[in-house]
Amino acid sequence: MDFQSIIVNALQAAVSPEAAIFALAAIGLNIHFGYTGLLNFGQAGFMTMGAYGLAVPVFAFGWPLWTGVIFGILAAVVFALALGAPTLRLRADYLAIVTIAAAEIVRFLVRATSLSDITGGSNGINGFSSDFYDLNPFTESIKFGPFSFLPRTMWAIILGWVLVLLGIGFCYLVVNSPWGRVLKAIREDEDAARALGKNAYSIKMQSLIIGGIFGALAGMMLAISTGSVQPSPQDLGPPKTFFAYAALILGGTARLWGPVVGSIIFIALLQFTDGLIRGAQSAGWIPEWFISGTEVGVMRFILLGVGLMLLMLYRPQGIFGDKREMAFDV
Amino acid sequence: MSSASEVETAWGADRPESTPGSKKSDPILVVDGIRRTFGGLTAVDVDHLEIQRNKITALIGPNGAGKTTFFNLITGFDAPDAGSWSYNGEPMSSLAPHKVALKGMVRTFQLTKALARLSVIENMKLGAQNQKGENLFRAMMRGWKDEERANEERADALLKRFKMDHMREEFAGGLSGGQRKLLEMARALMTEPDLIMLDEPMAGVNPALTQSLLGHVKELRDEGRTVVFVEHDMDVVRDISDWVVVMAEGKIIAEGTHEEIGKNRQVIDAYLGSHHDEDLTFDDEEE
């Protein structure tokens, strides 16, 4: 078994655009769930808004790509308003139900055959990202030691991580402010915040919108890096939301770097277990009847699930979390 | 401890009549015909109530009398079926809770709402009103640092006054029940309220701390604030209240000084049942 290449692949995955996509989605969830206590189970819906908002103007109207960025963000804002207006006055669980349903509604809507002139139907949209890759300064593969990145990937990596860093900077500013304090107060006890003169409804809506914009950025990043948008469950369906949650909890909720580090570790571990199982298979350590080649993809998620359970048992606050905070029953 | 005569002297010529819904010389809160029903149960049905400014008014009554529901209605946490009320002459009906608080009427809760995963000082700073930094765009621009420093100084002074300054950096979730009551009262004061409504401020607080809490409540009045509080402990009521309002089954059944209330037949009946002093036997030695 070639351990070196397994580790190189895992490290390469750690900085891949995919990790940046998860980091952006998880930063949004951190604002929703970590700081405000909003249970948004529809982050994939916000990603869909971003991805299709980006691709549709290019595909359907032939407009330049940058207009898509604006549409993607606007679509996320509208989606947040539509979700928040009826549910944010109610108890927290209603938002959870509505977001998970709305995200799926949106995904089924964009794959509807009758909309295929606009959204590409179940085939999705391809070939809208040339505006971005035309700007690519890299012409050949970039190599650092054993690592090697294709020019397109490198360009997407730079965009993704710049967005993540900007996002973290933004979060640092707003979370460590009186505004951020109100967010946390709402998470702890909404009525207490209202009794002290805070407009909880408005602040929750702001939080939903901002976290949703991060979701949309993740969706745009997904669309850009893969060069296509697909209305498939693994791209924009519920698993995406729950993987982003897993990454967030792994890193530590309500911690600035929690979602970023969590996403990096999540993606690297996924790649690592994948490499490990495949390596063990080809070395003949795992018999074919036990895990077949097609089952590796599933197996790594099982292993990751076990890992997450162990984390919850022994370090429930995540990697960055504060153990003291877990002591209070809230 | 204020004796009855002391209470009477404090009122002087402004002494209101001891009848339910009596007129006050300078009311801060006037409630008219407020009613709230839950299905078939009428929780609150108050015809008229005035709360005198700069006095400590106790709201007492047996369990289920509607005291907390009344608090919830007045502070916007619940909506009445009918009725209106005004605060400082301004109509307050159907105002959202945060707007009520911004007008200077602030409440605490029977079950304390300490914000567990925020430190004591952060809990306090949350109380400051109209903070520039609570606007998202201004929060980013960092133009709120001076204001924050001023709020922090005020919070520290209040913590000192409530003898909680040594717990400044602790998580509020780690405080004892009594300390949470203190924190909640101190946090409410950060809003600089004119009218402060305390829902069972002494419940679950040990006797030593009760004494200091009582002192703090009296200080509020001496600062020119108005206090309304719900309490079950009659010693507390006797100790600090200038005026007592008694509720039973949603209605105001009596008003007066604590001395008068202690002798009021209707009040005793409400608490103990109207036949409480009649013996079940035919012995007529009693009385």
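Residues numbered from 1 in each chain as written. Chains lettered and ligands numbered in written order. Predicted model: local features only at pLDDT ≥ 70, side-chain atom pairs only at ≥ 80, totals over all residues. Heavy atoms only, no water.

J.: Looking at this model, I keep getting lost on the nonpolar core. Mind explaining?
T.: Soluble, globular proteins show a tendency: their nonpolar side chains are buried together. Of all hydrophobic cores here, the largest spans 95 residues; its most connected members are F128(A), W161(A), V164(A), W179(A), F214(A), V229(A) and F266(A). Per element, the largest residue contribution to this core is 15 residues, and it comes from helix α11 (residues 200-226) of chain A. I60(B), A172(B), M190(B) and I240(B) belong to the second-largest nonpolar core, a separate cluster that totals 44 residues. (Core = buried A, V, L, I, M, F, W, Y, C linked by side-chain atoms within 4.5 Å. Buried < 20%, exposed > 50% of the residue type's maximum accessible area, 1.4 Å probe, protein only. Helix = DSSP H or I, 4+ residues; strand = E, 2+ residues; numbered from the N terminus.)

J.: Quick question: what am I supposed to make of the domain arrangement of chain B here?
T.: A common measure of how large an interface is: the accessible area buried when the components associate. Residue and element names in this part refer to chain B. Its domain assignment divides chain B into domain 1 (4-114 + 177-272) and domain 2 (116-174). Here domain 1 and domain 2 have C-alpha centroids that lie 27 Å from each other. Together, the buried faces of domain 1 and domain 2 total about 1700 Å²; carbon and sulfur atoms form 62% of this surface. Together, L183, R187 and M190 form the three largest contributors to the area buried by domain 1 at its contact with domain 2, with a combined 35%. (Domains from an automatic or database assignment. Buried area = accessible area lost by both parts, 1.4 Å probe.)

J.: Please explain the pattern of salt bridges as it appears in this structure.
T.: Oppositely charged side chains can pair when the atoms bearing their charge come close. Counted under the stated rule, the structure contains 37 salt bridges over all chains. With its nearest N and O atoms 2.7 Å apart, the salt bridge here joins R168(B) to D156(B). Of this pair, R168(B) sits in the loop between α6 (145-161) and α7 (177-189) while D156(B) sits in helix α6, and the two are twelve residues apart along the sequence. Owing to a relative accessible area of 26%, D156(B) belongs among the partly exposed residues under this scheme. Residues joined by salt bridges that share partners form a network here, namely R181(A), E122(B), K125(B), E148(B), E152(B), D156(B), R168(B) and E169(B). (Salt bridge = Lys/Arg side-chain N within 4 Å of Asp/Glu carboxyl O.)

J.: What should I look at first to understand the pairing of strand β8 (residues 226-230) of chain B in this one?
T.: Sheet faces and side chains relate simply in a regular strand, where the side chains alternate between the two faces. Residue and element names in this part refer to chain B. Of all five residues making up β8, five are buried, and the element is well covered by its neighbours. Side-chain alternation along β8 places T226, V228 and V230 on one buried face and V227 and F229 on a second face that is also buried. For strand β3 (residues 56-60) and β8, the ladder comprises four bridges, and the chain directions are parallel. Each bridged residue has a counterpart across the sheet, and for T57 the counterpart in β8 is V228. As paired elements, strand β7 (residues 195-199) and β8 share five bridges and run parallel to each other. By the bridge assignment, L195 is partnered in β8 with T226. Following the chain from β7 across helix α8 (residues 207-222) to the adjacent parallel β8, one finds a crossover that is right-handed. (Pairing = 2+ DSSP bridges. Right-handed = clockwise from strand over helix to strand, strands pointing away.)

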